[in-house]
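What the coordinates show
Residues per chain are reported as follows:
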Amino acid sequence: MLLFRSKETVTQWCEARGLPKRPSINLDQLWYLALTWYKNRLTVESRRPGPDEMVEIFARVGLEGPFWDPKADQWQSAT
Amino acid sequence: MDFDTAVKMNIYETIARTTQAPTSADVAEALSTSPEAVEAALERLHKKRLLVPEPGNPSRIRMAPPFSGVETSFRVKVQDNVYYANCAWDALGIAAALQADAIIEAADGYSGEPMMLEVRNGQPVPQSCVIHFAVPAARWWDDIIYT
């Protein structure tokens, strides 16, 4: 993922590369994901969330649908 | 603690303390084992999506998320230490992992214009920005360095 100053520069980035505009999130959503993924990363017990956990975590910040599902078949052969 | 966990902990503790990712030889010396045994552990940890060895050089670590083993455009300053993150998510992740305030120097993904994010007292300081995901979650690890 990439960081942008505004939605306008996201649009410019996508147009310059001929890529479709895909989901964007805000700083609060990103902070929640960063905390959830990494707050225990320096501990022995730390591990990466599994696919089903990821779906639940994303849903907690309003990110739902196949784009946010690590098991979504429709993306396996997509460009 | 099993061997792979010991390798993982040594890597993370070393990066947190020194800001630099250790080589397999560094980890081997610390754990009184061989670099080859450490590199085998790195590959197993890679399969679990916990670490990414440097492509073409299994003795080096490219990513120990949220930390990057190489300099990137996400520079994270914590007290007097400077770490590098793999992306915006990981840049905040360094502050989360270290449970510390951080100042993140980055740039707009299109214009290259400098941007700064800050974590203070356990929260990001409000800032106008957008994080765009070009790759769906199911494909993040097809090429995690690009993602």
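Quick look at the overall build of chain B now. For chain B, the count of helices and strands is four helices and nine strands. If you list the helices and strands of chain B from N to C, you get α-α-α-β-β-β-β-β-α-β-β-β-β. Compactness check: chain B gives a C-alpha radius of gyration of 16 Å against a globular reference of 15 Å for 147 residues, within 12% of the reference. Projected onto the principal axes, the alpha-carbon positions of chain B cover approximately 50 × 35 × 25 Å. Put simply, of all contacts in chain B between residues at least 6 apart along the chain, 34% involve residues at least 24 apart.

When a protein is soluble and globular, its nonpolar side chains tend to lie buried together. Among the nonpolar cores identified, the biggest contains 62 residues, and Leu30 of chain A together with Val76, Ala88, Ala91, Leu92 and Ile94 of chain B are the most heavily contacted of them. If one sorts the elements of this core by residue count, helix H4 (residues 88–98) of chain B sits on top with nine residues. Both domains that furnish three or more residues to this core are identified here as domain 1 (3–59) and domain 2 (74–130) of chain B. With residues up to four places along the chain from it excluded, the contact list for Leu92 of chain B reads Leu30, Trp31 and Ala34 of chain A together with Val119 and Pro124 of chain B.

Here we take up the pairing of strand E2 (residues 57–64) of chain B. Residues and elements named next belong to chain B. Relative to E2, strand E1 (residues 52–54) runs antiparallel, the two sharing three bridges. By the bridge assignment, Glu54 is partnered in E2 with Asn57. Connecting E1 to the antiparallel partner E2 that follows it, the hairpin turn spans two residues, and Gly56 within it adopts a positive phi of roughly 85 degrees. Examined bridge by bridge, E2 and strand E3 (residues 67–68) share two bridges and lie antiparallel to one another.

Here the focus is the packing of helix H1 (residues 3–18) of chain B against helix H2 (residues 24–31) of chain B. Residues and elements named next belong to chain B. The interhelical angle for the contact between H1 and H2, taken along N-to-C directions, is 115 degrees, at an axis separation of 10 Å. Put simply, H1 runs roughly perpendicular to H2. Where H1 crosses over H2, the two elements pack in a sense that is right-handed. Here H1 contributes Ala6, Val7, Asn10 and Ile11 to the contact with H2, which in turn contributes Val27, Ala30 and Leu31. Grouping the constituent residues of the contact of H1 with H2 by class yields six nonpolar, one polar and no charged.

Between chain A and chain B, the contact holds 38 residues from the first and 35 residues from the second. At the level of secondary structure, the elements contributing two or more residues to the side of chain A that touches chain B comprise strand E1 (2–4), helix H1 (7–17), strand E2 (24–25) and helix H2 (27–38) of chain A. The leading source of residues in the side of chain A that touches chain B is H2 of chain A, at eight residues. Looking at the side of chain A that touches chain B residue by residue, the classes come out as 25 nonpolar, five polar and eight charged. Two strands pair when backbone bridges link them, and E1 of chain A and strand E9 (residues 130–132) of chain B are joined in this way by three bridges, in the antiparallel orientation.

The end-to-end C-alpha separation of H2 of chain A is 16 Å, in line with the 16 Å expected for twelve residues at 1.5 Å each. Where H2 of chain A is concerned, the buried positions are Leu27, Leu30, Trp31, Leu33, Ala34, Trp37 and Tyr38 of chain A. On an axial view of H2 of chain A, the arc spanned by its buried residues comes to 165 degrees, and they lie on one face. Close packing links the buried residues of H2 of chain A with E2 of chain A together with H4, strand E8 (123–124) and E9 of chain B.

Taken as a whole, chain B shows an average pLDDT of 94; of its residues, 97% reach a score of 70 or greater. Two summary scores accompany this predicted model of the complex, namely pTM at 0.92 and ipTM at 0.91.

Moving on, we get to unusual backbone geometry. Residues and elements named next belong to chain B. With an omega of 10 degrees, the peptide bond between Pro65 and Pro66 qualifies as cis. Relative to the helices and strands, Pro66 is located in the loop between E2 and E3. For Ser32, which is not a glycine, the phi torsion comes out positive at approximately 55 degrees. Here Ser32 is to be found in the loop between H2 and helix H3 (35–47). With 6 C-beta atoms counted inside 10 Å, the residue Ser32 sits in the exposed group.

The subject of this paragraph is the environment of Ser24 of chain B. Residue and element names in this part refer to chain B. Tracing the backbone through its elements, the reader meets Ser24 in helix H2. We classify Ser24 as buried; it has 25 C-beta atoms within 10 Å. Sequence-distant contacts of Ser24, defined by excluding residues within four places in its chain, comprise Pro35, Val38, Glu39, Leu42, Pro58 and Ser59.

Conventions adopted
Residues numbered from 1 in each chain as written. Chains lettered and ligands numbered in written order. Predicted model: local features only at pLDDT ≥ 70, side-chain atom pairs only at ≥ 80, totals over all residues. Helix = DSSP H or I, 4+ residues; strand = E, 2+ residues; numbered from the N terminus. Rg over C-alpha atoms; globule rule 2.2 N^0.38 Å. Contact = placed C-beta atoms within 7 Å. Core = buried A, V, L, I, M, F, W, Y, C linked by C-beta atoms within 7 Å. Buried ≥ 20, exposed ≤ 12 C-beta atoms within 10 Å, placed from the backbone. Domains from an automatic or database assignment. Pairing = 2+ DSSP bridges. Axes fitted to C-alpha atoms, helices over the stretch in contact; angles between N-to-C directions. Parallel < 35°, antiparallel > 145°, perpendicular 65-115°, else oblique. Left-handed = near helix turned anticlockwise from the far one by under 90°. Nonpolar A, V, L, I, M, F, W, Y, C, P; charged D, E, K, R; others polar. Expected span 1.5 Å × (residues − 1). Arc of directions from axis to C-beta. pLDDT = per-residue confidence, 0-100.

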